[in-house]
Amino acid sequence: MQYFVNVILPIPLEKLFTYSVSESEAGILLPGIRVAVPFGKSKIYTGLVHEVHNRPPTVYEAKEIHQILDDIPLVTKIQLQHWQWIADYYMCTIGEVFRTAVPSAFLLESETLILRNKTAEIDESDLKDDEFLVFEALEHQPVLRVQEISAIIDRKNVLPVLERLMHKKIINLKEEVYEQYKPKLIRYVQLGAEYNTEEALEALLKTLSRAPKQSQVILSLFQLQAVTKKPVKVTDLETESGASKAIIKSLIDKNILDEYLIRTDRVNYEPTINTSDIKALNEYQQNALQDIQKNFSENKPTLLHGITSSGKTEVYVKLIEDCIGSGKQALYLLPEIALTAQLIGRLQEYFGEKVSVYHSKYSIHERVEVWNNVLQNRPKAQIILGARSALFMPFTDLGLIIVDEEHESSFKQYDPAPRYHARDAAIILSNMFGGNVLLGSATPSVESFYNVSQDKYGYASIDRRYGNVLLPDMELVGIKEQTRKKRMKGHFSERLLQEITEALHIGEQIILFQNRRGFAPIVECTTCGHSPQCPNCDVSLTFHQYKNQLRCHYCGHHTAVQQSCMACGSPTLDTKGFGTEQVQQELQKLYPDVNVGRMDLDTTRGKHGYEKIITSFENQELDILVGTQMLTKGLDFRNVGLVGIMNADTLLNFPDYRAHERSFQLLTQVAGRAGRTQKRGKVIIQSYNPYHQILKQVTTSDYVGMYNEQLYEREQYKYPPINRIIKVTFKHKDYNKLNEAAEWFTKSLRNIFRENVLGPEYPPVARIRNQYLKHVLVKIPKTQSLKKTKQGIKRIEASFNAISAYRSVRVIYNVDHI
Ligand code: ADP
Ligand code: ZN
Ligand code: ZN
C-alpha cells in the first residue's frame with residue numbers, strides 16, 4: 001500500500017499538491033499538521049496536510065515530504081472548512097488563505113530571511129548541536145536565507161531546527177520590518193546590597209542622621225515595602241517621602257539605593273491591577289441586551305445600533321461575560337486603528353488575564369504564543385481582541401463574535417488575496433460553531449441595516465447617550481460667500497474661530513477634522529498650469545511642508561520641492577487644496593500659545609506614535625487635535641467640547657457609489673467625539689454646499705432617512721445590497737496590452753451577463769507603481785446564482801489565460817467590493 005498526503009502550500013495554486021509519505025508517517029499525520037516539502041527545482045515550503053490517502057497523483061510523480069513539523073494539528077478542522085469557504089466565496093486559493101491566516105513564524109520556507117533575535121537572553125548550554133551551529137552562523141552574518149543555513153549545517157531538513165530556535169526565541173524573521181513591540185520600562189528601587197545586614201543598616205541610618213531628607217527616603221522605602229509587599233517604584237517613593245528627584249538620585253549614585261528596571265507592558269496591564277466589577281447597565285442598555293439575547297436564542301446574527309457614547313461597549317462586556325461563563329471563547333473584532341490601549345485597558349479591567357490581544361504590531365513570538373493559547377483553549381486566551389486577522393485564530397469552542405464598528409470598510413481586506421470581509425466571514429465562522437455574532441455601530445452599513453429589514457439579522461438599539469448627555473449641537477457653516485469676500489482666515493470661517501476661541505477660553509479641548517494629510521494635495525504653476533506628478537503613478541504629488549518634500553501617497557515616491565516650475569521655469573508655484581499640516585500651521589499662527597497636535601499617517605508612523613498622541617491628548621497636554629479619519633475610530637475623550645469639520649465637500653464628492661453613506665458615517669462618528677460627558681458638545685461643519693442632503697441628515701441624526709435614500713439609489717443603479725458585485729481588476733505595465741486584454745475579457749463577460757457588466761474603466765488613479773489598472777464591474781441580481789456567476793467568470797479566465805499574449809496580465813477578483 002502506498003501512502004500520500006494532499007498539502008496546502010502558501011501560494012496561489014488552484015490545486016492541492018500531493019506528496020508521498022511512509023506508512024509510519026501516514027499513521028502520525030492528520031489534517032492540520034505542517035510538513036516541510038520540496039517544491040519546484042529547489043524550493044522548500046511549509047505546507048499543511050489536508051488529507052491522508054492512498055491515491056497516487058495521475059499527472060506527476062509524487063515527491064517525498066522532507067519532514068513533519070508538528071505533533072498535533074496546528075490548524076483545526078473548522079478552520080480548514082472556513083478557509084475553504086473563504087477561498088470559494090472570495091475567488092482565491094486556499095493556499096492564499098493559509099498564508100494570511102497563520103503567523104509568518106509558522107511559514108518558514110527556503111527564501112525566508114532569518115536574523116538573530118537581539119533581545120533574547122541566550123544560554124548556550126541550552127542549545128543542541130545543530131541549534132548551536134545556526135546560532136553561531138548568525139553571529140557572523142546578521143541575515144541568512146533558510147537555504148544558506150541549510151548549506152551551512154549541511155542538512156536538507158533545516159526547518160525543524162529553525163522551528164525550535166524560533167520557539168526558544170533565538171531567531172527572528174526578517175519580514176518583521178515593522179516595529180518590534182517595545183515594552184515600557186518602569187524604574188524601581190531597593191536598598192543597596194551592602195546594607196542587607198542589620199549592622200550595616202544601623203550604621204547607615206546613623207551616618208544619615210545628619211541628612212534628615214535622605215533618611216526619610218530610606219524610612220519611606222521600608223514603609224512602602226511593609227504596606228504593599230511589592231517592589232517599590234521610584235515615583236511612589238518620591239511621593240511617599242516628599243524628597244526631590246535629586247535626593248533620590250544622589251542615594252542611587254552612592255549605591256545606598258539600587259535602581260532597577262522592570263518591563264511592564266503598556267498594552268498589557270500590570271497583573272496586579274484590581275479588576276473592577278462589570279458596570280450595571282442602565283435601562284436602555286438593558287433593553288438592548290434583552291433584545292440581543294432573544295435573537296441569540298435563535299442563533300440570529302444581531303445588529304446593535306447604538307448612537308455614539310450610548311455605552312455599546314458595556315453591553316458587549318455583558319455578553320462576553322455570559323459567553324466565557326459558559327466556558328466558551330469570545331472574539332472581539334474591531335478596525336485595527338480602533339484597537340487602542342484605552343479599549344484594551346477597559347476590557348482587561350473587567351476580565352484580567354483572560355484577554356489576549358492579537359495585533360500585527362506584536363512580535364512574531366507573541367503572535368505564536370496567542371495562537372497556541374487559543375488552540376489549547378487556555379483560560380489565558382479565552383477572550384481574543386484583535387483586528388480582522390484575529391478571525392483566523394484556531395478557536396476550538398467559539399461562542400461569541402463581536403464586530404465593533406461593523407460599518408468600517410477596513411474590515412474588508414483589499415490586498416493581497418483573500419479579499420475577505422471579516423464581518424461576513426465572521427458570520428460564517430460563528431455558524432460553524434453554532435455560536436452568536438453581534439454587529440455594533442452608531443452608523444450601521446447599509447448592508448447590515450438592509451439585512452435587518454429582510455429579517456436576516458436581529459436588531460437592537462440604544463438611542464440615548466449614557467448619562468442622558470445630549471448629542472452635540474451641529475451647525476452647518478456655508479463658506480462659499482465668505483471665501484469669495486475673502487473673510488476666511490486661512491481655512492477657518494468666522495463662526496468656527498469664534499467657537500474655537502470660546503472653547504479654549506473655558507478650557508475645553510477641540511478636535512478638527514480634515515480628510516487629507518500633508519500641506520496641500522496639489523502644487524501648480526500659475527503661469528503654465530503644470531503640476532508635478534509622480535513618475536510611477538498617475539497622480540499629483542502632495543506637498544509636505546515640514547520636510548519640504550513632494551510625496552506620492554500611493555507609492556511613497558518623494559522629491560525635494562523645486563523653487564521654480566519644472567516645465568516653464570517661472571517661480572510662480574502655488575498650492576491647491578489643503579491638508580492637516582496646513583490646518584495645524586494656520587492654527588498655530590492664529591493661536592500662538594495653544595498646543596496643537598496632529599494625528600495622521602505621517603505623525604503616527606513612529607514607535608507607538610498613535611498611542612502617544614492619544615495619550616497626550618487624553619492627558620490634556622494638547623488643546624487641539626487636528627487629524628484625518630484616524631480621529632473617528634471609537635475614541636472616548638472626556639474633555640472635548642468642540643469638533644470642527646474643515647471641509648465636508650471632499651468627502652461628498654468622492655467618485656464612488658458609497659461616498660454618501662461613507663460621508664454620513666464619518667461625519668457622524670467624528671461629531672460623536674464631542675461632549676461625551678455632562679455638557680452638550682458643539683460641532684461645526686464647514687462646506688461650500690451646506691444644503692447637501694447628506695449634511696442635513698448628519699445634523700439631524702437622520703440615519704433612517706439616509707438609509708432609505710441610499711437604498712433607493714442602489715436599487716436604481718443595481719448596486720449592493722440589492723445586487724451583488726464582483727470587481728475584476730486587470731493589471732499590467734504595458735498600457736496597450738492591458739487595454740486589449742481588458743477589452744477581450746469584458747466582451748466575454750458581456751456575452752453572458754449582458755447589461756450587468758460595467759466597464760472596463762480606468763480608476764481615478766489609473767497607474768500605480770508603474771502598473772496600469774482597469775476595472776470591470778459585474779453586477780449580480782438577486783435572482784442569479786452567485787456560484788454559477790463565479791463559475792462563468794472562471795471559465796472565461798481559463799480561455800483568457802490560454803491566449804499567450806494575455807497570460808502576463810494579472811486578473812484580480814474582488815467579490816463584494818466595497
Ligand atoms: P459607545 O461605544 O456606544 O460609543 P461607550 O461604551 O464608550 O459608548 O460608553 C461611553 C461612556 O459611558 C464610557 O465612558 C463608559 O464608561 C460610560 N458608560 C457606559 N455605560 C455605562 C454604565 N452602564 N455605567 C457606567 N458608565 C457607563
Ligand atoms: Zn510653469
Ligand atoms: Zn507614486
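- The name an unreviewed UniProt entry gives the protein chain is Replication restart protein PriA, with Costertonia aggregata as the organism.
- Word for word, the UniProt comment on the protein chain under Function (unreviewed entry) is "Initiates the restart of stalled replication forks, which reloads the replicative helicase on sites other than the origin of replication. Recognizes and binds to abandoned replication forks and remodels them to uncover a helicase loading site. Promotes assembly of the primosome at these replication forks."
- Taken directly from UniProt, the Subunit (unreviewed entry) text for the protein chain runs: "Component of the replication restart primosome."

**What about the coordination of the zinc ion (ligand 3)?**
Move 1: Taken together, Cys-534 (SG), Cys-537 (SG), Cys-552 (SG) and Cys-555 (SG) make up the full set of protein donors to the zinc ion (ligand 3), lying 2.2 to 2.4 Å away.
Move 2: Coordination at the zinc ion (ligand 3) comes from four donor atoms whose angles at the metal span 103 to 112 degrees, giving a geometry best classed as tetrahedral.
Move 3: We note that the donor set of the zinc ion (ligand 3) lies within a single chain, spaced as C-x2-C-x14-C-x2-C. Residue Cys-534 is found in the loop between β22 (522-525) and β23 (542-544), and its partner Cys-555 is found in the loop between β24 (549-551) and β25 (558-560); the two are separated by 21 residues along the sequence. Summarising the burial analysis for this pair, Cys-534 and Cys-555 share the class buried.

**Quick word on the side chain of His-66**
Move 1: Examined against the element boundaries, His-66 turns out to sit in the loop between β5 (63-64) and β6 (67-68).
Move 2: Once you skip the residues sitting within four places of it in the chain, His-66 turns out to touch Ala-36, Val-37, Pro-38, Ile-44, Lys-156 and Asn-157.

**Structural notes on the sheet that holds strand β9 (residues 171-173)**
Move 1: What the three strands build is an open sheet, ordered β8-β7-β9; its pairing is antiparallel. The open sheet has two edge strands, β8 (143-145) and β9, and neither has a second partner. This sheet shows a mean twist of 35 degrees between the axes of neighbouring strands, independent of strand direction.
Move 2: The sheet contact formed by strand β7 (residues 113-116) and β9 spans three bridges and is antiparallel. Looking across to β9, one finds that Leu-115 is bridged to Asn-172.
Move 3: Where helix α4 (residues 129-140) meets the sheet, its contacts fall on β7, β8 and β9, and the angle it forms with β7 comes to roughly 85 degrees.

**Thoughts on helix α11 (residues 283-297)**
Move 1: The terminal C-alpha atoms of α11 lie 21 Å apart, and with 15 residues this matches the ideal 21 Å at 1.5 Å per residue to within 8%.
Move 2: Of all the residues in α11, the buried ones are Gln-285, Ala-288, Leu-289, Ile-292, Asn-295 and Phe-296. Buried positions in α11, seen along its axis, are confined to an arc of 125 degrees and lie on one side of it. With respect to the buried face of α11, the exposed residues turned more than 90 degrees away are Glu-283, Lys-294 and Ser-297.
Move 3: The secondary structure elements touched by the buried residues of α11 are β13 (302-306), α12 (312-325), β17 (398-404), β18 (436-441) and β19 (458-462).
Move 4: Its side-chain oxygen placed 3.1 Å from the backbone nitrogen of Tyr-284, Asn-282 serves as the N-cap of α11.
Move 5: The first or second residue beyond α11 is Asn-299, which carries a positive phi of 55 degrees.

Parameters and conventions
Residues numbered from 1 in each chain as written. Chains lettered and ligands numbered in written order. Predicted model: local features only at pLDDT ≥ 70, side-chain atom pairs only at ≥ 80, totals over all residues. Heavy atoms only, no water. UniProt positions renumbered as here; feature names shortened; annotations may be inferred. Donors = N, O, S within 2.8 Å, 3.2 Å for Na, K, Ca; no water. Tetrahedral: all angles 85-135°; square planar, octahedral: opposite > 155°, others 65-115°. Helix = DSSP H or I, 4+ residues; strand = E, 2+ residues; numbered from the N terminus. Buried < 20%, exposed > 50% of the residue type's maximum accessible area, 1.4 Å probe, protein only. Contact = heavy atoms within 4.5 Å. Pairing = 2+ DSSP bridges. Axes fitted to C-alpha atoms, helices over the stretch in contact; angles between N-to-C directions. Expected span 1.5 Å × (residues − 1). Arc of directions from axis to C-beta. Polar contact = N/O pair within 3.5 Å; in protein donor to acceptor, adjacent residues only side chain to side chain.

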